[in-house]
Amino acid sequence: MALHIETPLLESRPLSLASGRSVWLKMDVLQPPGSFKIRGVGAACEHHAKNGKRRFVSSSGGNAGIAVAYAGRRLSIPVSVFVPETASDRAKSLIRQEGAEVFVHGASWQEANERALEAIDAESAFIHPFDDPLLWNGHASIVDEVVKAGISFDAVVLSVGGGGLLAGVAEGLTRNGLEKTPIIAVETEGAASLAASVKAGKLTELPAITSIATSLGARKVCERAFEIAQAGPVDCVTVTDRDAVDACVRFLDDHRVVVEPACGAALAVAYAHADRLTRYERILMVVCGGATAPVAQLQAWQAS
Ligand SMILES: *Cc1c(COP(=O)(O)O)cnc(C)c1O
């Protein structure tokens, strides 16, 4: 049995009214570790377990690290997660709660990642947070489930960090004969590495991440995500941190579910930027979730 669950798919009255479109929510926020990441991470971990690996290593102090920790516990395989000093206490405690070991190293993800790579031996598998075909294949199950439910849509809205979700959804569309469906790829200002690459016409690295949506904070997207954006149809949208946080708070009232700003960014397209949806009638919105921003944190961001 897969490590992810089949998530609810529901038509959102509040988001449909806000946008003037029919908006369908794929509720991956309800995955046990709190985000869509377990789809790809679970598939990758199962693959490595079958191939005899006896330890999983991650360098994500966010939802990918939480998903690897969850997968390790379910498969009875020990997990080491290397995180930078900037990782939140909340994220570290969620990782430890799954029984994984947390190693804090370095000022930024780059340093934590280097240490993680040094820790890998023949018996351990490194689970990348976004740049791995095994992961994309797992994320593609989002589209399989929607198609199986018999729900049609003429655009997909999703958030982009390193682009693993984008690559996975694109793969899911293709394998269901829906490759012509436009994807609206949403980032926050200060984390818009896909938009920067598309604009420059080449894979571009941001000098720094300045958005609060840390789960979107890859300075450079993976090559596959850039290729998909170039091949199209992909529409890059950038929203502000404020849009993203406001969307989280509104979504909490509307659907009684907490998500991170990384996910609020996508929701903000329906709440605050519905002009980007005028060409479409039925929107599939990937509610990617995220476990690292509790309500008090959302409120503090909103007040600041
Ligand atoms: C990882 C993550 C993203 C971005 O996914 P990528 O595959 O890195 O593009 C968006 N939202 C949440 C909640 C995430 O955990």
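Residues numbered from 1 in each chain as written. Predicted model: local features only at pLDDT ≥ 70, side-chain atom pairs only at ≥ 80, totals over all residues. Heavy atoms only, no water.

Among all positions in helix H5 (residues 109-118), only Ala 112, Asn 113 and Ala 116 are buried. Down the axis of H5, the buried set is contained in an arc of 100°. They therefore lie on one face. For H5, the exposed residues set more than 90 degrees away from the buried face come down to Glu 114 and Glu 118. (Buried < 20%, exposed > 50% of the residue type's maximum accessible area, 1.4 Å probe, protein only. Helix = DSSP H or I, 4+ residues; strand = E, 2+ residues; numbered from the N terminus. Arc of directions from axis to C-beta.)

Here strand E3 (residues 55-58) runs beside strand E6 (residues 124-126); their pairing, made up of three bridges, is parallel. In the sheet register, Phe 56 faces E6, and the bridge partner there is Ala 125. In the sheet, E3 pairs with strand E4 (residues 79-83) via three bridges, with the strands oriented parallel. Opposite Phe 56, over in E4, you have Val 79 as the bridge partner. (Pairing = 2+ DSSP bridges.)

With that settled, consider the nonpolar core. Within soluble globular proteins, side chains that are nonpolar tend to cluster in buried spots. Among the nonpolar cores identified, the biggest contains 93 residues, and Phe 251 and Leu 267 are the most heavily contacted of them. If one sorts the elements of this core by residue count, helix H12 (residues 261-272) sits on top with nine residues. Each of domain 1 (9-36 + 134-303) and domain 2 (38-129) contributes no fewer than three residues to this core. In contact with Phe 251, other than residues within four places in its own chain, are Leu 15, Leu 25, Met 27, Arg 256, Val 257, Val 259, Leu 267, Tyr 271 and Val 287. (Core = buried A, V, L, I, M, F, W, Y, C linked by side-chain atoms within 4.5 Å. Domains from an automatic or database assignment. Contact = heavy atoms within 4.5 Å.)

Another aspect to go through is the side chain of Lys 37. By secondary structure assignment, the location of Lys 37 is in helix H2 (residues 37-50). Although Lys 37 is buried, it makes no salt bridge; Glu 260 carries the closest opposite charge, 7.4 Å away. Contacts of Lys 37, omitting those with residues within four sequence positions, involve Gly 42, Asn 63, Ala 64, Ala 67, Pro 129 and His 139. (Lys, Arg positive; Asp, Glu negative; His and termini not counted. Salt bridge = Lys/Arg side-chain N within 4 Å of Asp/Glu carboxyl O.)

This next bit is on the site of the ligand. Around the ligand lies a shell of 16 residues, among which Lys 37, Gly 161, Gly 162, Gly 163 and Leu 165 are the nearest. A distance of 2.8 Å separates an oxygen atom of the ligand from a polar atom in the side chain of Asn 63. Contact with the protein chains removes 98% of the 380 Å² of surface that the ligand exposes when unbound. Classifying every residue of the shell around the ligand gives seven nonpolar, eight polar and one charged. (Near = heavy atom within 4 Å. Polar contact = N/O pair within 3.5 Å; in protein donor to acceptor, adjacent residues only side chain to side chain. Areas by Shrake-Rupley, 256 points an atom, 1.4 Å probe, with all protein chains shown as cover. Nonpolar A, V, L, I, M, F, W, Y, C, P; charged D, E, K, R; others polar.)

Looking at the assigned domains, one finds that the protein contains domain 1 (9-36 + 134-303) and domain 2 (38-129). Its C-alpha centre places domain 1 at a distance of 24 Å from the equivalent point of domain 2. The junction of domain 1 with domain 2 conceals about 1600 Å² of combined surface from both sides, 58% of it contributed by carbon and sulfur atoms. In terms of surface lost to domain 2, no three residues of domain 1 exceed Pro 33, Leu 134 and Leu 135, which account for 38% of the buried area on that side. There are two salt bridges connecting domain 1 and domain 2. The partner of Glu 145 in a salt bridge is Arg 39, with the nearest N and O atoms 2.8 Å apart. Across the domain 1-domain 2 interface, the total number found is ten residue pairs in polar contact (both at pLDDT 80 or more). Counting only elements with at least two residues in the side of domain 1 that touches domain 2, the list comes to helix H6 (133-139) and helix H7 (141-148). Per-element tally for the side of domain 1 that touches domain 2: the top contributor is H6, with four residues. Grouping the amino acids of the side of domain 1 that touches domain 2 by side-chain chemistry returns eight nonpolar, eight polar and five charged. (Buried area = accessible area lost by both parts, 1.4 Å probe.)

Once that is clear, we can look at the packing of aromatic side chains. Any pair of aromatic rings gets described here by the distance separating the centres and the angle formed by the planes. Inspection of the entire model under this criterion finds one aromatic pair. Centre to centre, the rings of Phe 82 and Phe 103 are 4.9 Å apart; their planes meet at 20°, and the pair counts as stacked. Highlighted residues: Phe 82 in strand E4 and Phe 103 in strand E5 (residues 101-104), separated in sequence by 21 residues. In this structure Phe 103 comes out as partly exposed when scored by relative accessible area, which is 31%. (Phe/Tyr/Trp six-rings, centres within 6.5 Å; stacked < 30°, edge-to-face > 60°.)

The next point concerns the packing of helix H8 (residues 164-175) against helix H10 (residues 223-231). Closest axis-to-axis distance for the H8/H10 pair is 8 Å, and the angle between their directions is 55°. When the interaxial angle is binned, H8 and H10 end up oblique. The handedness of the crossing between H8 and H10 comes out as left-handed. Across from Leu 166, Ala 167 and Ala 170 in H8, the residues of H10 making contact are Arg 224, Ala 225 and Ile 228. (Axes fitted to C-alpha atoms, helices over the stretch in contact; angles between N-to-C directions. Parallel < 35°, antiparallel > 145°, perpendicular 65-115°, else oblique. Left-handed = near helix turned anticlockwise from the far one by under 90°.)

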